[in-house]
Number of protein chains: 2
Amino acid sequence: MTKRVFVTGAAGFIGSNTVRTLAESGWTVVGIGLGGQEEAKHLRELGLHAWFETSVTLDALWRVESEAGSPDAIIHCAGSGSVAYSMTQPRQDFLGNVNTTLDILEFVRQSSGRIAVVVPSSAAVYGVVHQLPISEDAPLHPISPYGTHKIVMEMLCKSYAKQWGIPVCVVRLFSVYGAGLRKQLLWDACCKATAGTFSFFGTGAEIRDWLHVRDAARLLADAINFSSPDCPVLNGGSGRGISIREILTTVGNLWNPKVTPTFSGEARSGDPAHYIADVSRLNARGYVPSVILDQGLAEYVEWFRAEVGA
Amino acid sequence: MTKRVFVTGAAGFIGSNTVRTLAESGWTVVGIGLGGQEEAKHLRELGLHAWFETSVTLDALWRVESEAGSPDAIIHCAGSGSVAYSMTQPRQDFLGNVNTTLDILEFVRQSSGRIAVVVPSSAAVYGVVHQLPISEDAPLHPISPYGTHKIVMEMLCKSYAKQWGIPVCVVRLFSVYGAGLRKQLLWDACCKATAGTFSFFGTGAEIRDWLHVRDAARLLADAINFSSPDCPVLNGGSGRGISIREILTTVGNLWNPKVTPTFSGEARSGDPAHYIADVSRLNARGYVPSVILDQGLAEYVEWFRAEVGA
């Protein structure tokens, strides 16, 4: 018998990749989220079984269950993923990230079945970092409302897991990238390269840990098996730190004609300087990312040219 | 010109005492909460200026402001104060405690004025305690959803205070008691003494730090002046640890005829063993509790007899 999984935010960047990965692995995938009929059609092509166009609320979850059947797992990809949004719309960011998590956990608590819950968190929970690579046990000093809200999501997961024996796994995703992402550094870079002004905020020396969205999706799918009432928290990264300058230089070299990035020299408020994930906990569970960065970047640039035009 | 303060949960135990204290100090006190017309009448006798029968939501706060005027301070006494409730109704406990705090902070953020916010938290945030007395810097290991939710409230306070310069003060109240409290240990004790069965759950050796509600109310009022964008967190206790057996022996001796407490010997899940507040941070700000425990207990027993009958 195939198993059923609910994916919230299924029309989103990480959500839609997670739908594809799960469908390919034989799961019956039920999508919940906002995206419209066109997105729903696209998700069906990726293997989605059923689509529910709705925000994630307790009532909506009961309705989805009554129409699509009880899930064996829920992967909660819904919610904002933007530090900047949390600074202008902190209440909406909180409601979208935290209250949806609360309702999923409450749905599972009130359900008779034993449902595994996977909650993507973010490296933003670490905030000010004093030691690289960053272990999951590092102190949390978030520097944005988004980082705080992600910690709150994790605390709710731990509280529900411990109090009611719900199997949960939290994955702190680092810099997830890949074809289809119409925001953040690579999107900006391709837009700027197209416009002919390849200049950037920051120093270029900032280090990030990049994880391709197919690897992130596979990790979230694997995390169903990692879930337990102990609520393990895992870094979702590659364990490799790459500077922004290095990334943008690679993208610039892929352009035709080639472009070279320049930097403003100022740091952006709310963004930390250097991030590299300690992935020993992840590796101990047998997970290793598979997409090579240069390949992932080339694929992104190719997608951008095909979709947006050069 | 008198200053205006909103007190949420004004009809509650701590809220109503806070209304009286603030009114006596010359504040124009606006009450927000649930309680009905009888409670509103009682609050007016305590000096309440205006009453709004409503849950605490962002919309309600805008309405109160438009009708009663912009506040100089908000003391957020609304929300559940029960560990047991959080174990059976975790979602409602979260919404009542955390989302109301979110809406107050958001109201202040969106207001042009500079409004001081005082948020009562709880010693339940400490959970498992390894060192007495408990400093505000002690690690937080909550053992109930209630304790987790109170930490979340505190995190929101810190996030908003830091990000938008809002003056906030968090007060972690220990065991607040006093005439009018129709639940918890003293209420149970008086009910049991009335019924003639003075036996209790637990060992009797559990230590608590008791703070009379008049002292708690005065502390919350003082905390308006302690508020700052650094969001100070202060223990609200006496600094004196008293065993449950000692408390109940005192209550039993006040009964006529005297009764002596007996104990089951089992510990209650979700309750910590020993709590004493480190009050050095509180004392450094010039605050010292004034109600002597024996006097407070005698007053409670007298109130119980007058209200409930013996």
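All of these numbers come straight from a predicted model, not from anything done at the bench.

1. Describing the overall build of chain A
Along the backbone of chain A there are 11 helices and 12 strands. The C-alpha atoms of chain A give 19 Å as radius of gyration, which agrees with the globular expectation for 310 residues (19 Å, within 12%). Across its three principal axes, chain A shows a C-alpha extent of roughly 60 × 40 × 40 Å. Burial statistics for chain A: of 310 residues in total, 56% are counted as buried. Looking at chain A alone, contacts between residues at least 24 apart form 79% of all its contacts between residues at least 6 apart. Summed over its atoms, the accessible surface of chain A is roughly 12,700 Å², and 50% of this surface lies on carbon and sulfur atoms. When the 26 positive and 29 negative side-chain charges of chain A are each reduced to one mean point, those points stand 1 Å apart.

2. Section: the interface of chain A and chain B
Contacts between chain A and chain B engage 29 residues on the former and 29 residues on the latter. Among the residues chain A hides against chain B, the three largest losses belong to Arg91, Phe94 and Met155 of chain A. Together they make up 25% of the total. At the boundary of chain A and chain B, one finds two salt bridges. A salt bridge links aspartate 103 of chain A to arginine 91 of chain B; the nearest nitrogen and oxygen atoms lie 2.6 Å apart. The tally of links between chain A and chain B comes to five residue pairs in polar contact (both at pLDDT 80 or more). Put simply, the parts of the chain that give the side of chain A that touches chain B at least two residues each are helix H4 (83–88), helix H5 (90–110) and helix H6 (145–164) of chain A. Examining the composition of the side of chain A that touches chain B, we find that 12 residues originate from one element, H6 of chain A, more than from any other.

3. Here's the deal with the packing of aromatic side chains
All names here are of chain B. All told, the structure shown has 24 aromatic pairs over all chains when counted by the stated rule. When the centroid spacing of 5.3 Å and the interplanar angle of 70° are considered together, the rings of tryptophan 187 and phenylalanine 304 count as edge-to-face. Highlighted residues: tryptophan 187 in helix H7 (residues 184–195) and phenylalanine 304 in helix H11 (residues 293–308), separated in sequence by 117 residues. Look at tryptophan 187 and you get buried, because its relative accessible area is 16%.

4. What to know about the domain arrangement of chain A
Residues and elements named next belong to chain A. Each domain of chain A was delimited in the assignment, giving domain 1 (4–176 + 210–236) and domain 2 (179–208 + 240–278 + 291–308). A C-alpha centroid distance of 26 Å is found between domain 1 and domain 2. Taken together, the contact between domain 1 and domain 2 spans 24 residues of the former and 25 residues of the latter. Counting the surface lost from both domain 1 and domain 2, the interface buries some 1,900 Å², and carbon and sulfur atoms represent 62% of this. Seen at the junction of domain 1 and domain 2, the total is one salt bridge. Between arginine 214 and glutamate 299 there is a salt bridge, with the nearest N and O atoms lying 3.0 Å from each other. Linking domain 1 to domain 2 there are eight residue pairs in polar contact (both at pLDDT 80 or more). For the side of domain 1 that touches domain 2, the elements supplying multiple residues, two or more each, are H4, strand E7 (175–177), strand E9 (207–212) and helix H8 (213–226).

5. A word on the packing of helix H3 (residues 58–68) of chain A against H5 of chain A
Packed helices, taken two at a time, are described by the angle their axes make and the gap between the axes. Residues and elements named next belong to chain A. Here H3 crosses H5 at 50°, and the two axes come no closer than 9 Å. Here H5 runs oblique to H3, going by the angle between their axes. For the pair H3 and H5, the sense of crossing is right-handed. Between H3 and H5, the contacting residues are Leu58, Leu61, Trp62 and Glu65 on the first element and Asp103, Ile104, Glu106, Phe107 and Gln110 on the second. For the contact of H3 with H5, the residue count by class is five nonpolar, one polar and three charged.

6. Focus: unusual backbone geometry
Residues and elements named next belong to chain A. A cis amide bond links leucine 132 to the next residue, proline 133, at an omega of -10°. Following the sequence through the fold, proline 133 ends up in the loop between strand E5 (116–122) and H6. The residue cysteine 231 is not glycine, and still its phi comes out positive at about 50°. Examined against the element boundaries, cysteine 231 turns out to sit in the loop between H8 and strand E10 (233–236).

7. Notes on the relation of the copies chain A and chain B
You can overlay chain A on chain B at an RMSD of 0.0 Å; the transform is a turn of 180° with a shift of 0.0 Å along its axis. Those values place the two copies in the arrangement expected of a two-fold rotation axis. Measuring from the rotation axis to each C-alpha of chain A, the shortest distance belongs to valine 152 of chain A, at 3.1 Å. With an isologous cut-off of 70% or more, the 100% of interface residues of chain A that recur at the interface of chain B puts this contact in the isologous class.

8. Digging into the sheet that holds strand E4 (residues 73–76) of chain B
Sheet strands pair by backbone hydrogen bonding; their relative direction is either parallel or antiparallel. Residues and elements named next belong to chain B. Here we have seven strands laid out as an open sheet, ordered E3-E2-E1-E4-E5-E6-E10, and parallel in their pairing. On the outer flanks of this sheet lie strand E3 (50–53) and strand E10 (233–236), each paired with one strand and no other. Looking at each pair of strands side by side, their axes are set apart by 20° on average, direction ignored. Pairing of strand E5 (residues 116–122) with strand E6 (residues 168–173) involves six bridges; the strand directions are parallel. Bridging across to E6, valine 118 finds its partner in cysteine 169.

9. Describing the environment of valine 170 of chain B
All names here are of chain B. With respect to the element layout, valine 170 can be found in strand E6. Note on valine 170: relative accessible area 1%, which makes it buried. The sequence separation of valine 170 and tryptophan 187 amounts to 17 residues, and the corresponding C-alpha distance is 27 Å. Once you skip the residues sitting within four places of it in the chain, valine 170 turns out to touch Val119, Ser121, Glu154, Cys157, Cys231, Pro232, Val233 and Leu234.

10. Overview of the sheet that holds strand E7 (residues 175–177) of chain B
Residue and element names in this part refer to chain B. Taken in spatial order, the three strands of this open sheet run E7-E9-E11, and their pairing is mixed. Bordering the open sheet on either side are E7 and strand E11 (241–243), each of which pairs with just one other strand. Along the sheet, successive strands turn relative to each other by an average axial angle of 55°, direction set aside. Set on the sheet, helix H9 (residues 244–254) makes contact with strand E9 (207–212) and E11; between it and E11 the angle comes to about 65°.

11. Overview of the state of the cysteines
All names here are of chain B. Counted under the stated rule, the structure contains zero disulfides over all chains. Here cysteine 231 is not cross-linked by a disulfide; its sulfur's nearest cysteine counterpart is in cysteine 157, at 5.2 Å. A residue is classified by how much of its surface remains accessible, and cysteine 231, at 4% relative accessible area, is buried.

12. Let's talk about the pairing of strand E2 (residues 28–33) of chain A
All names here are of chain A. Among the six residues that make up E2, six are buried, leaving the element largely enclosed by the rest of the structure. Bridge count between strand E1 (residues 4–8) and E2: five bridges; the pairing is parallel. What sits directly across from arginine 4, in E2, is threonine 28. Bridge count between E2 and strand E3 (residues 50–53): four bridges; the pairing is parallel.

Basis of the calculations
Residues numbered from 1 in each chain as written. Chains lettered and ligands numbered in written order. Predicted model: local features only at pLDDT ≥ 70, side-chain atom pairs only at ≥ 80, totals over all residues. Heavy atoms only, no water. Helix = DSSP H or I, 4+ residues; strand = E, 2+ residues; numbered from the N terminus. Rg over C-alpha atoms; globule rule 2.2 N^0.38 Å. Buried < 20%, exposed > 50% of the residue type's maximum accessible area, 1.4 Å probe, protein only. Contact = heavy atoms within 4.5 Å. Areas by Shrake-Rupley, 256 points an atom, 1.4 Å probe, with all protein chains shown as cover. Lys, Arg positive; Asp, Glu negative; His and termini not counted. Charge placed at Lys NZ, Arg CZ, Asp CG, Glu CD. Buried area = accessible area lost by both parts, 1.4 Å probe. Salt bridge = Lys/Arg side-chain N within 4 Å of Asp/Glu carboxyl O. Polar contact = N/O pair within 3.5 Å; in protein donor to acceptor, adjacent residues only side chain to side chain. Phe/Tyr/Trp six-rings, centres within 6.5 Å; stacked < 30°, edge-to-face > 60°. Domains from an automatic or database assignment. Axes fitted to C-alpha atoms, helices over the stretch in contact; angles between N-to-C directions. Parallel < 35°, antiparallel > 145°, perpendicular 65-115°, else oblique. Left-handed = near helix turned anticlockwise from the far one by under 90°. Nonpolar A, V, L, I, M, F, W, Y, C, P; charged D, E, K, R; others polar. Least-squares fit on C-alpha atoms with pLDDT ≥ 70 in both. Pairing = 2+ DSSP bridges. Disulfide = S-S within 2.5 Å.

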